[in-house]
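For reference, the chains in residue letters:
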2 protein chains.
Amino acid sequence: MSLSDLSREDLTELHAQLTLAYEELVAQGLKLDLTRGKPSAAQLDLSNELLTLPGAGKFTAEAGVDCRNYGGTQGLVELREIFSPLLQVPVEQLVAGDNASLSIMHDTLVFSLLKGTVGGEPWVRQPTRFICPVPGYDRHFALCEQFGIEMIGVPLGEHGPDLDQVRELVASDPAVKGIWIVPTYANPTGAVYTEGVTRALVEMPTAAPDFRIFWDNAYAVHHLTDSETPAIDVLGLASAAGHPDRVFVFASTSKITFAGAGVSFFAGSPANVAWYLAHLSKRTIGPDKVNHLRHASYLKSPEGVRELMRRHRAVIAPKFDQVIEILTERLGQYETASWTRPDGGYFVSLDVADGTATRVVALAKTAGIVMTAAGAAFPYGLDPRDRNIRIAPTMPEPADVAAAIAGLTTCVLLAATEQRLAG
Amino acid sequence: MSLSDLSREDLTELHAQLTLAYEELVAQGLKLDLTRGKPSAAQLDLSNELLTLPGAGKFTAEAGVDCRNYGGTQGLVELREIFSPLLQVPVEQLVAGDNASLSIMHDTLVFSLLKGTVGGEPWVRQPTRFICPVPGYDRHFALCEQFGIEMIGVPLGEHGPDLDQVRELVASDPAVKGIWIVPTYANPTGAVYTEGVTRALVEMPTAAPDFRIFWDNAYAVHHLTDSETPAIDVLGLASAAGHPDRVFVFASTSKITFAGAGVSFFAGSPANVAWYLAHLSKRTIGPDKVNHLRHASYLKSPEGVRELMRRHRAVIAPKFDQVIEILTERLGQYETASWTRPDGGYFVSLDVADGTATRVVALAKTAGIVMTAAGAAFPYGLDPRDRNIRIAPTMPEPADVAAAIAGLTTCVLLAATEQRLAG
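Residues numbered from 1 in each chain as written. Chains lettered and ligands numbered in written order. Predicted model: local features only at pLDDT ≥ 70, side-chain atom pairs only at ≥ 80, totals over all residues. Heavy atoms only, no water.

Caption draft 1: Region of the structure containing the nonpolar core. Counting residues in each nonpolar core, the largest one holds 243 residues, and the members touching the most others are Phe-83, Leu-350 and Ile-391 of chain A together with Phe-83, Leu-350 and Ile-391 of chain B. Apart from the residues lying within four places of it in its own chain, the contact partners of Phe-83 of chain B are Leu-94, Thr-253, Ile-256, Phe-265, Leu-299 and Val-305 of chain B. By size, the runner-up hydrophobic cluster in this structure holds 62 residues, among which are Leu-114 and Phe-266 of chain A together with Met-105 and Leu-114 of chain B. (Core = buried A, V, L, I, M, F, W, Y, C linked by side-chain atoms within 4.5 Å. Buried < 20%, exposed > 50% of the residue type's maximum accessible area, 1.4 Å probe, protein only. Contact = heavy atoms within 4.5 Å.)

Written as structure tokens, this is what we have:
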């Protein structure tokens with residue numbers, strides 16, 4: 001029953017059925033939004049204790065610091081102690097910041113552009129290119145675009161990007177200054193980097209002496225199964241490879257506590273941490289330490305975080321199961337699309353028939369199902385095969401997820417049959 | 001009894017007395033710190049209600065927004081409504097951010113450098129100079145130094161900088177792109193800009209079409225007397241003068257609620273706000289809205305802020321009175337130093353005998369009284385007359401303020417007599 005096996009007659013009939021189904025879908029007047037990887041209200045409720053913390057009279061941190069006042073650029077040590085083992089970075093190489101790791105990435109780029117990395121020249125004075133494993137995170141790519149950094153897409157597999165391509169690019173071009181990596185449950189494919197791939201990335205010779213891996217461990221503890229893949233000690237591996245300063249690590253609690261009111265992290269070699277803090281100290285007299293204290297008293301320990309993440313999983317894993325189930329049931333037999341079955345993170349990556357993703361998203365929109373724009377997971381928004389669609393199932397209610405995905409499958413098949421009939 | 005009237009003999013005797021007094025001072029082994037304008041614990045205690053806010057189950061903003069989730073780059077409207085009349089800027093032209101206006105100033109500079117202002121070329125591609133009224137705020141100057149922006153000091157009077165010098169500089173040099181202004185109770189002199197001076201600044205012809213006034217209204221509501229000078233409608237004046245985009249306004253609650261955990265503000269013309277938000281949206285998906293809600297429910301109204309500031313005044317005004325009193329009592333008769341009597345803000349600016357400020361600060365340090373480095377209030381840390389010392393009396397206990405200022409006066413006179421005897 002693969003689409004490619006159907007006769008023109010059968011295809012025409014299927015197309016007619018799908019057109020009818022699509023008309024019915026539009027008539028339902030749905031209003032569903034699967035665009036962004038936002039936690040649902042039920043997930044946010046898990047951390048409502050934060051709304052009354054740190055608590056009356058509670059403003060003194062372990063080291064005797066008054067969290068209400070200025071200072072302490074590196075952030076509270078008790079908070080860094082909780083996340084150090086989870087991110088596999090030493091406490092003293094971990095910096096705790098404000099509510100968004102995206103901001104830390106932005107600032108790290110800005111410092112590199114205007115001031116240069118440790119021992120390097122300002123990037124703004126040189127042509128600068130970044131490698132972008134694709135599909136990837138649109139906000140990473142937007143940062144590059146914002147600052148005129150040319151992006152080079154390299155296909156991302158289950159355990160990392162095509163290493164031959166990456167090695168070739170960094171070895172031959174001194175303008176290649178960086179690579180975006182989401183090592184655990186990558187956005188949107190769910191790829192999990194292995195220690196072997198990581199080692200290759202920190203070991204590879206680079207033409208640029210100031211090449212940097214932007215290691216965004218956004219989903220380090222965001223497991224969807226019992227196999228809770230631990231973070232890789234990327235700083236240790238880089239150090240062992242003789243490239244201690246190659247890696248900038250980023251993370252946050254945006255999808256652990258509150259998406260808009262959590263804490264974020266930067267980690268790196270001692271030299272990179274000193275570099276980051278020196279530039280950061282021009283920008284601020286310190287992070288929101290009351291929010292650090294609030295988080296430290298709520299989360300308590302690494303195990304406290306792990307337990308909270310299991311409660312998140314209880315809320316969202318069924319939504320992922322539903323997505324996979326409906327995709328399998330309604331698309332499986334036609335062999336025109338494929339999708340990921342992530343073990344963690346926030347997304348399912350759907351590849352529809354080549355050349356139809358834009359059409360599918362447009363059809364869905366007309367039917368009241370808003371998906372992330374086709375191509376969003378690619379540099380400049382350009383998916384060379386126009387086939388990738390990112391599904392973000394965490395935010396809507398389960399019934400809405402089901403309705404949206406069911407509707408989406410109609411659009412996927414309608415676009416695929418249209419294309420075949422036109423071809 | 002002016003120092004300059006003393007005979008060499010009397011001077012020698014005074015120097016001997018002061019040397020003895022200084023030795024006694026050193027022997028006391030003081031440990032006092034008057035370096036930074038930090039609020040005291042008693043001031044921070046005023047806002048301890050924030051430690052349990054927004055409160056159980058409270059996470060929905062007026063517009064129905066879930067403050068725990070992503071989004072809302074401009075910040076909560078109920079918070080902006082409170083500060084709009086206090087800062088004299090329209091609600092829709094006000095952006096609420098995270099815990100530091102210094103960060104907003106940093107980012108505004110970064111956006112101007114890397115992207116250019118509205119309709120302008122990136123500053124990073126052109127020579128860029130800033131006018132710095134002196135003495136001024138060291139962290140403003142540190143930002144310029146960080147980004148290689150050349151600073152030109154212009155003397156600051158009681159109501160603003162020397163306007164002839166400013167007009168001449170901006171009219172003749174297209175590289176002059178900005179000026180730092182603290183309009184109300186300037187750091188460190190307490191200068192208060194008048195509407196006339198403000199009008200002159202927004203009206204003056206500038207060689208650079210993208211000239212910007214960095215209007216840091218850090219102490220807009222920080223009165224020390226009953227005369228509560230209102231903020232000037234600088235955006236309205238700039239608009240009326242035909243230069244609506246000339247002004248960036250900054251403010252924060254650092255010295256209203258918690259210094260490390262407050263909220264900050266950016267304001268400007270509609271075009272500048274759109275410009276700022278467009279660049280900001282690459283950096284973050286939104287500010288900490290839970291902290292916005294916390295502040296809105298605590299402060300409640302503009303009058304709520306004014307009342308809180310009166311309670312701050314009750315804590316700190318006596319410390320300022322003490323400083324003025326001791327300076328007057330112990331230095332007045334010698335006519336070798338002068339100081340400000342601010343009506344608000346966080347500092348007293350002390351001018352000692354020309355060429356002795358560095359020596360005074362060193363003497364004080366040996367005696368365990370840590371003052372801000374001499375010259376700190378000048379670009380590159382260079383006070384051309386080596387005479388200015390910034391006194392920050394808010395943080396220490398009243399008895400410590402008294403002991404520190406009394407000790408400081410001994411150092412001031414000792415250095416002055418040393419210099420006269422050597423001269």
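Let us keep going from here.
Caption draft 2: Structural context of the interface of chain A and chain B. Each side of the interface is counted separately: chain A has 60 residues, and chain B has 60 residues. Note on chain A versus chain B: buried area summed over both sides is about 4,700 Å², and carbon and sulfur give 55% of it. Across the contact surface, chain A and chain B share 4 salt bridges. The partner of Asp-45 of chain B in a salt bridge is Arg-68 of chain A, with the nearest N and O atoms 2.7 Å apart. Between chain A and chain B we count 24 residue pairs in polar contact (both at pLDDT 80 or more) in total. Elements with a contribution of two residues or more to the side of chain A that touches chain B: α2 (41-45), α4 (101-115), α5 (138-146), α9 (270-283) and α10 (289-299) of chain A. Broken down by element, the side of chain A that touches chain B gets its largest block of residues, 9 residues, from α4 of chain A. Residues that form the side of chain A that touches chain B fall into these classes: 28 nonpolar, 17 polar and 15 charged. (Buried area = accessible area lost by both parts, 1.4 Å probe. Salt bridge = Lys/Arg side-chain N within 4 Å of Asp/Glu carboxyl O. Polar contact = N/O pair within 3.5 Å; in protein donor to acceptor, adjacent residues only side chain to side chain. Helix = DSSP H or I, 4+ residues; strand = E, 2+ residues; numbered from the N terminus. Nonpolar A, V, L, I, M, F, W, Y, C, P; charged D, E, K, R; others polar.)

Caption draft 3: Up close: the pairing of strand β4 (residues 150-157) of chain B. Residues and elements named next belong to chain B. With 6 bridges joining them, strand β3 (residues 129-134) and β4 adopt parallel strand pairing. By the bridge assignment for β4, Cys-132 is matched with Gly-153. Handedness of the crossover joining β3 and β4 through helix α5 (residues 138-146) is recorded here as right-handed. As judged from the 2 bridges shared by β4 and strand β5 (residues 160-161), these two strands associate in the antiparallel manner. Bridged to Leu-156 within β5 is Pro-161. Where β4 folds back onto β5 in an antiparallel hairpin, the turn is made up of 2 residues. (Pairing = 2+ DSSP bridges. Right-handed = clockwise from strand over helix to strand, strands pointing away.)

Caption draft 4: Up close: the sheet that holds strand β11 (residues 348-351) of chain A. Residues and elements named next belong to chain A. If you walk across this open sheet you meet the 3 strands as β10-β11-β13, and the pairing is antiparallel. In this open sheet, the two strands that pair with only one neighbour each are β10 (338-339) and β13 (388-391). Inspection of the sheet shows β10 paired to β11 by 2 bridges, in the antiparallel sense. Considered in β11, the bridge of Ser-338 is made with Asp-351.

Caption draft 5: Examining the side chain of Gln-146 of chain B more closely. Looking at where Gln-146 of chain B falls in the secondary structure, it is placed in helix α5. At 2.9 Å, the side chain of Gln-146 of chain B and the side chain of His-279 of chain A are in polar contact. Beyond its immediate stretch of four places on either side in the chain, Gln-146 of chain B contacts Lys-115, His-279 and Lys-282 of chain A.

Caption draft 6: Representation of the relation of the copies chain A and chain B within the structure. Under the fitted operation, chain A is carried onto chain B by 0.0 Å of movement along the axis and a turn of 180°, and the coordinates agree to an RMSD of 0.0 Å. Expressed as an axis order, the relation between the two copies is that of a two-fold axis. Considering only C-alpha atoms, the residue of chain A closest to the rotation axis is Thr-52 of chain A, which sits at 2.1 Å. Of all interface residues in chain A, 100% are interface residues in chain B too; the two copies therefore contact each other through one and the same surface. (Least-squares fit on C-alpha atoms with pLDDT ≥ 70 in both.)

Caption draft 7: Representation of unusual backbone geometry within the structure. In the segment running from Asn-187 of chain A into Pro-188 of chain A, the intervening peptide bond is cis, with an omega of 5°. If you trace the backbone, Pro-188 of chain A turns up in the loop between β6 (176-181) and α7 (195-203). At Tyr-380 of chain A, a residue that is not glycine, the phi angle is positive and equals roughly 60°. Inspection of the secondary structure puts Tyr-380 of chain A in the loop between β12 (369-370) and β13. Overall, Tyr-380 of chain A belongs to the partly exposed group, its relative accessible area being 38%. Phi is positive for Glu-335 of chain B, which is not a glycine, with a value near 50°. Structurally, Glu-335 of chain B can be placed in the loop between α11 (302-331) and β10 (338-339).

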